[in-house]
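Structural overview
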Amino acid sequence: MSVAVDIAAGDLSRDGLCVLRGALDPAAIGALAADLAPSFALTPMCRGVFYGHRTRRFGALLRRSSHAEALVRHPPVLAIVERMLLPWCERIALNLTQAVEIHPGAPAQLPHRDQDMWAGPKGSMEYLVNVMWPIDPFTRSNGGTRLWPGSHVDQDVAELPEDDAVVPGLAPGDALLFLGSTLHGGGGNLSGAPRRGVIVSYCLGWLKPFELQWLVYPPAIARHFSPELAALVGYAQHRPNLGNVEGQCPSILLGESVPEYLGAIDALRPDQEAQAAAFLADRRD
Ligand SMILES: O=C(O)CCC(=O)C(=O)O
Ligand SMILES: [Fe+2]
């Protein structure tokens, strides 16, 4: 696994994208698609030029299907994402889960970089890694994701020739990974059938996520998650002390009963603990 992770992480750093072929059994994607079918049937079309009028989207996939966790916690994907993001945070967070259905006749989506939702400086760090899991095979004609390889290097370029875009052909079970700094967009669907896929994205653990994970998975729901999944959706502090409830780890809310009065408890990195201890030792006389 680690050789494959090394190769994929290398491709992702170099090109801004990579494909993991056969990352999951197509049957697992089929089971997820079956659970999502009622949501695809009942969710209204999007409004707005970015989401797309002939496109349907919905989030909260971990609530809609028990099969979503296999995508969100896919070990090689997590290893690659951590390789990309841990230089700038001490834990990664789930940014969103979103099903996207691009209907016949939908135009191509505006090329964009997903990181531009955050207003911080760009070019010196990565904010996000996106993973597209196709439900239907992705092709150039049915709206497969268009990406501009290398566009993560010169991020001042907002637009590149359409002919320079690649559209990786994908089968259910494949995973397409791309950086938040990679220019991309959904394709126009010239075929006669909808193109469905699931996006799972991860961001630096100290950022505000695109989809508000704590509201989408409140304690009554997250209580039934594995501890690892609960931590990914935000029931974990980002040291030092960020993202707490009453100064404690928010996972306290997942217990049977929550005491009304909680004392704050530091969650510091070991280097900060040591620095604080040294500071106090110096002052002791
Ligand atoms: O549907 C796709 O292929 C990509 C969608 C996308 O990039 C987005 O909505 O940010
Ligand atoms: Fe995007």
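Residues numbered from 1 in each chain as written. Chains lettered and ligands numbered in written order. Predicted model: local features only at pLDDT ≥ 70, side-chain atom pairs only at ≥ 80, totals over all residues. Heavy atoms only, no water.

- An unreviewed UniProt entry lists the protein chain under the name Ectoine hydroxylase-related dioxygenase (Phytanoyl-CoA dioxygenase family), from Sphingomonas kyeonggiensis.
- According to UniProt, the comment filed for the protein chain under the heading Cofactor (unreviewed entry) is "Fe(2+)". (UniProt positions renumbered as here; feature names shortened; annotations may be inferred.)

**Digging into the coordination of the iron ion (ligand 2)**
- The protein atoms that coordinate the iron ion (ligand 2) are H112 (NE2), D114 (OD) and H184 (NE2), at distances of 2.1 to 2.3 Å.
- Counting along the primary sequence, the residues that act as donors to the iron ion (ligand 2) give the motif H-x1-D-x69-H. Of this pair, H112 sits in the loop between β3 (92-102) and β4 (128-134) while H184 sits in strand β7 (residues 184-185), placing them 72 residues apart in sequence.
- We classify H184 as buried; its relative accessible area is 5%. (Donors = N, O, S within 2.8 Å, 3.2 Å for Na, K, Ca; no water. Helix = DSSP H or I, 4+ residues; strand = E, 2+ residues; numbered from the N terminus. Buried < 20%, exposed > 50% of the residue type's maximum accessible area, 1.4 Å probe, protein only.)

**Here's the deal with the domain arrangement of the protein chain**
- Looking at the assigned domains, one finds that the protein chain contains domain 1 (2-232) and domain 2 (237-285).
- A straight line from the C-alpha centre of domain 1 to that of domain 2 covers 33 Å.
- Tallying the contact residues gives 9 residues for domain 1 and 8 residues for domain 2.
- Together, the buried faces of domain 1 and domain 2 total about 740 Å²; carbon and sulfur atoms form 58% of this surface.
- Joining domain 1 to domain 2, the criterion identifies 1 salt bridge.
- Among the ionic pairs, E90 bridges to R239, the shortest N-O distance being 2.9 Å.
- Counting across the interface, domain 1 meets domain 2 through 5 residue pairs in polar contact (both at pLDDT 80 or more).
- Of the residues in the side of domain 1 that touches domain 2, the class split is 5 nonpolar, 1 polar and 3 charged. (Domains from an automatic or database assignment. Contact = heavy atoms within 4.5 Å. Buried area = accessible area lost by both parts, 1.4 Å probe. Salt bridge = Lys/Arg side-chain N within 4 Å of Asp/Glu carboxyl O. Polar contact = N/O pair within 3.5 Å; in protein donor to acceptor, adjacent residues only side chain to side chain. Nonpolar A, V, L, I, M, F, W, Y, C, P; charged D, E, K, R; others polar.)

**Side note on the site of ligand 1**
- Ligand 1 sits among 13 residues. The nearest are R57, H112, T145, H184 and R195.
- At 3.0 Å from an oxygen atom of ligand 1 is found a side-chain nitrogen or oxygen belonging to H112.
- Contact with the protein chains covers 94% of the free accessible surface of ligand 1, which is 290 Å².
- Listing elements by their share of the shell around ligand 1, those giving two or more residues are β3 and β8 (195-204).
- Residues that form the shell around ligand 1 fall into these classes: 5 nonpolar, 5 polar and 3 charged. (Near = heavy atom within 4 Å. Areas by Shrake-Rupley, 256 points an atom, 1.4 Å probe, with all protein chains shown as cover.)

**A word on the pairing of β8**
- In terms of burial, β8 is a largely internal element, 9 of the 10 residues being buried.
- One ladder, built from 10 bridges, connects β3 with β8; its direction is antiparallel. The residue bridging Q98 from the neighbouring strand is I199, located in β8.
- Bridge analysis of β4 against β8 gives 7 bridges, and the strand direction is antiparallel. In the sheet register, P134 faces β8, and the bridge partner there is G197. (Pairing = 2+ DSSP bridges.)

**Overview of the nonpolar core**
- Of all hydrophobic cores here, the largest spans 58 residues; its most connected members are L36, L62, W133, V198 and Y202.
- When residues of this core are assigned to their parent elements, the largest contribution, 6 residues, is made by helix α5 (residues 75-85).
- If we skip the residues at most four places from it in the chain, L62 touches A68, E69, V72, L94, T97, Y217, F225, L229 and V233.
- If you look at the next biggest cluster of nonpolar residues, it comprises 12 residues, including V100, F138, L170 and F178. (Core = buried A, V, L, I, M, F, W, Y, C linked by side-chain atoms within 4.5 Å.)

**Focus on the sheet that holds β8**
- Taking strand neighbours across the sheet as the criterion, the 6 strands line up as β1-β6-β4-β8-β3-β2 in an open arrangement whose pairing is antiparallel. A single partner strand is all that each edge strand has here, and the edge strands are β1 (17-20) and β2 (55-58). When strand polarity is set aside, the average angle formed by the axes of neighbouring strands in this sheet is 20°.
- Where helix α1 (residues 2-15) meets the sheet, it contacts β1, β4 and β6 (175-179), and its direction lies at approximately 150° from that of β1. (Axes fitted to C-alpha atoms, helices over the stretch in contact; angles between N-to-C directions.)

**As for a nonpolar patch on the surface**
- Among the surface-exposed residues, F50, Y51, L110, M117 and F210 lie close enough to one another that they form a single nonpolar patch of about 450 Å² accessible area.
- Note on M117: relative accessible area 36%, which makes it partly exposed. (Patch = residues over 30% accessible without salt bridge, like charges linked within 9 Å, V, L, I, M, F, W, Y side chains within 5 Å.)

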